[in-house]
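Analysis of the macromolecular model
Each chain, written out:
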Amino acid sequence: MAKHIVWDDSYKVGHPMIDSQHKRLFEIADELYNLVIAPKERQDSDTELVLQDCAKYVNFHFGCEEKLMKDTKYEDMENHLAQHKAFTTYVANLMSDFSRGTKIDLEKLYDFISDWLVKHITSEDRNLASYASSQSE
């Protein structure tokens, strides 16, 4: 299992809105981690709520980032949008599978989300924040 990730200032990208939203994404990942280590009964009852919370907040967050990209005419927007689309498609497919009764491997899901979140923030989102900052100077 991937290491339990927790928010710290090393994940800041330097854009207050994005940083506060990333902090919330870490909280949602933490909820998922707590499900991974929870008794099976809690997993069964809370998985759908965590998946819905994740999907809803990710869509909100990506929408904010995408508006920032459009407003600043971000040069790497196409690549960044493709990464967002791949992530949302993955989560949407999981939710669809779950609603049809497919068992979700929560540990695998946590590993995917935590790994993706850290990599995306520390590379793609840092680049976006830096670019947005340079456009407002």
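Cut-offs and rules
- Residues numbered from 1 in each chain as written.
- Predicted model: local features only at pLDDT ≥ 70, side-chain atom pairs only at ≥ 80, totals over all residues.
- Heavy atoms only, no water.
- Phe/Tyr/Trp six-rings, centres within 6.5 Å; stacked < 30°, edge-to-face > 60°.
- Helix = DSSP H or I, 4+ residues; strand = E, 2+ residues; numbered from the N terminus.
- Buried < 20%, exposed > 50% of the residue type's maximum accessible area, 1.4 Å probe, protein only.
- Lys NZ or Arg CZ within 6 Å of the ring centre and 35° of its normal.
- Salt bridge = Lys/Arg side-chain N within 4 Å of Asp/Glu carboxyl O.

1. Side note on the packing of aromatic side chains
- According to the stated counting rule, one finds eleven aromatic pairs in the structure shown.
- When the ring of Tyr-11 is compared with that of Phe-26, the centres are 4.7 Å apart and the planes differ by 40°; the resulting orientation is tilted. Highlighted residues: Tyr-11 in the segment before helix H1 (16-36) and Phe-26 in helix H1, separated in sequence by 15 residues.
- With a relative accessible area of 13%, Tyr-11 lands in the buried category.
- Here a set of aromatic residues connected by ring pairs shows up, and it is made of Phe-62, Phe-87, Tyr-90, Phe-112 and Trp-116.
- The ring of Tyr-57 has Arg-24 sitting right over it, with the charged end atom 6.0 Å from the ring centre.

2. A short note on the pattern of salt bridges
- Going through the model one piece at a time under the given rule, you end up with eight salt bridges.
- Taking the shortest distance from any N to any O, the salt bridge between Glu-27 and Arg-24 comes out at 3.4 Å. With a gap of three residues between them, Glu-27 and Arg-24 both fall in helix H1, about one helical turn apart.
- We classify Glu-27 as partly exposed; its relative accessible area is 41%.
- You can call Arg-24 partly exposed: its relative accessible area is 21%.
- With a shortest N-O distance of 2.9 Å, Arg-42 and Asp-46 are connected by a salt bridge. Taken together, the positions of Arg-42 and Asp-46, both in helix H2 (residues 40-72) and four residues apart, correspond to about one turn of that helix.

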